[in-house]
Amino acid sequence: LCSCLLSHLVFCLSSPTLPSASPSSITMSQDLAAHSQASLELAKRESAEHLHGMKELYDSMRDKPLIIKAYALDDTSAPTGDNVKTVHFVRHGQGFHNLMADIASSAGRQWTQFKVTPENPYVMPEILDAPLTEKGRQQARLLQPVVQAFDHQPELVAFSPNCRALQTGLIAFGHLVGEDIPFVAHEMAREENGVHVCDKRRPTSQQAAEFPQVDFSLLESEEDIIFRDDRRETKQEVGARIYKFFEWLETREEKHVGVNSHSGWLLTVFNGICECDEKLKGWFQTGEMRSVKLEFVRKDQC
């Protein structure tokens, strides 16, 4: 399934800018990319579930040697300096697992998150490492002109190594392919995972073959050694991964960065890891981009 979708993705990437379109066709694209009521209702439930354990994680992160602070781009109090980066966080567009959940929810099905039951659409074996739907592609395409309008283009694009995040980033940041900009997959940027097979990644060699634009050298194993069939990651485990990702990002010389990831991971970034205003803490909808300034503060350098 992912191979079939990839052929369409490659076609999209062959044209780095959006094709000219009539106002009616643009409206049709926006309508297709719009979030359904089922998606919005499901987001409310899932965001509440993902907040469990978040306060404890946030408190534990205050003891770490590296503190990360996030500021909205229009925040006049945002600092400047060598320890500040502009980061464009992107949640992937709608994946097939999101579509299946929307359909199940609209039909009145109820399930317990992170439990293997016939009612739970996220455990269907057919959606392992779920790719984007056409709606998801449209959501990613709508980010293209936004990214291209940045005064400072990303100098680094990081990806979760899951199919839907790779596809989204390669569409949204597609005009940078071939421009000597590092496109790097990072295991620590993956979704909170376990039980739900949509979050299990495929072997590294398969991802590298289908996404040759991306560097997978940071992935240390061919198979997915993080995913567990019997339990979900704890919030502390997800937080530890995100912290490692930020330690890596801190060492990079690039000051303008794109990061393509997932809803639970992104919610944890802004609620469990970073110090930030409440307006940055909300749930990311599919295909949403949130641009911030990140300040990396080392306690021993304060």
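Preceding block: the structure.
What you are looking at is a predicted structure, and each value in this text was computed from that prediction instead of being measured.

Engineer: Whenever I open this one, unusual backbone geometry confuses me. Can you help?
Structural biologist: Note: most peptide bonds trans; most residues except glycine with negative phi. Although it is not a glycine, Phe 114 adopts a positive phi angle of roughly 65 degrees. Turning to its location among the elements, Phe 114 is positioned in the loop between helix H5 (96–106) and helix H6 (134–141). Positive phi outside glycine occurs at Asp 129, with the angle close to 50 degrees. Secondary-structure assignment places Asp 129 in the loop between H5 and H6.

Engineer: Where do I start with the sheet that holds strand S1 (residues 66–72) in this structure?
Structural biologist: Within a sheet, neighbouring strands are paired by backbone hydrogen bonds and run either parallel or antiparallel to one another. Read from one edge of the open sheet, six strands run S1-S6-S2-S5-S3-S4, paired in mixed fashion. Of all the strands in the sheet, the pair left with one neighbour each is S1 and strand S4 (183–185). The sheet shows a mean angle of 30 degrees between the axes of neighbouring strands, taken without regard to direction. Examined bridge by bridge, strand S3 (residues 156–159) and S4 share three bridges and lie parallel to one another. Following the sheet pairing, Phe 159 is matched in S4 by Ala 185.

Engineer: Teacher, can you tell me more about the side chain of Arg 62 here?
Structural biologist: In this structure, Arg 62 sits in the loop between helix H4 (54–61) and S1. A distance of 3.2 Å separates polar atoms of two side chains, one belonging to Arg 62 and the other to Glu 275. In contact with Arg 62, not counting residues within four places along its chain, are Ile 67, Gly 272, Ile 273, Cys 274, Glu 275 and Lys 299.

Engineer: Looking at this structure, I do not really get the environment of Asp 230. What am I missing?
Structural biologist: Among the secondary structure elements, Asp 230 is positioned in the loop between helix H9 (204–210) and helix H10 (235–251). Since its relative accessible area comes to 56%, Asp 230 is described here as exposed. Reaching out from Asp 230, the side chain makes a polar contact with the side chain of Arg 228 at a distance of 2.8 Å.

Engineer: Is there a simple way to explain the packing of aromatic side chains in this structure?
Structural biologist: Given two aromatic rings, their pairing is described by the distance between the two centres and the angle made by the two planes. One pass over the full model with this rule turns up eight aromatic pairs. Ring centres of Phe 246 and Phe 296 lie 6.3 Å apart, and the angle between their planes is 65 degrees; on these two criteria the pair is classed as edge-to-face. Taken together, the residues Phe 246 in helix H10 and Phe 296 in strand S6 (residues 289–298) connect sequence positions 50 residues apart. Judged on exposure class, the residue Phe 246 and its partner Phe 296 are both buried. The rings of Phe 245, Phe 246, Trp 248, Trp 265 and Phe 296 are connected pair by pair, giving a single aromatic cluster. Directly above the aromatic system of Tyr 58 lies the positively charged group of Arg 62, at a separation of 3.9 Å from the ring centroid. Against the face of Tyr 243 rests Lys 64, its NZ or CZ located 5.1 Å from the ring centre.

What counts as what
- Residues numbered from 1 in each chain as written.
- Predicted model: local features only at pLDDT ≥ 70, side-chain atom pairs only at ≥ 80, totals over all residues.
- Heavy atoms only, no water.
- Helix = DSSP H or I, 4+ residues; strand = E, 2+ residues; numbered from the N terminus.
- Pairing = 2+ DSSP bridges.
- Axes fitted to C-alpha atoms, helices over the stretch in contact; angles between N-to-C directions.
- Polar contact = N/O pair within 3.5 Å; in protein donor to acceptor, adjacent residues only side chain to side chain.
- Contact = heavy atoms within 4.5 Å.
- Buried < 20%, exposed > 50% of the residue type's maximum accessible area, 1.4 Å probe, protein only.
- Phe/Tyr/Trp six-rings, centres within 6.5 Å; stacked < 30°, edge-to-face > 60°.
- Lys NZ or Arg CZ within 6 Å of the ring centre and 35° of its normal.

Nothing here speaks to function; it is all geometry.
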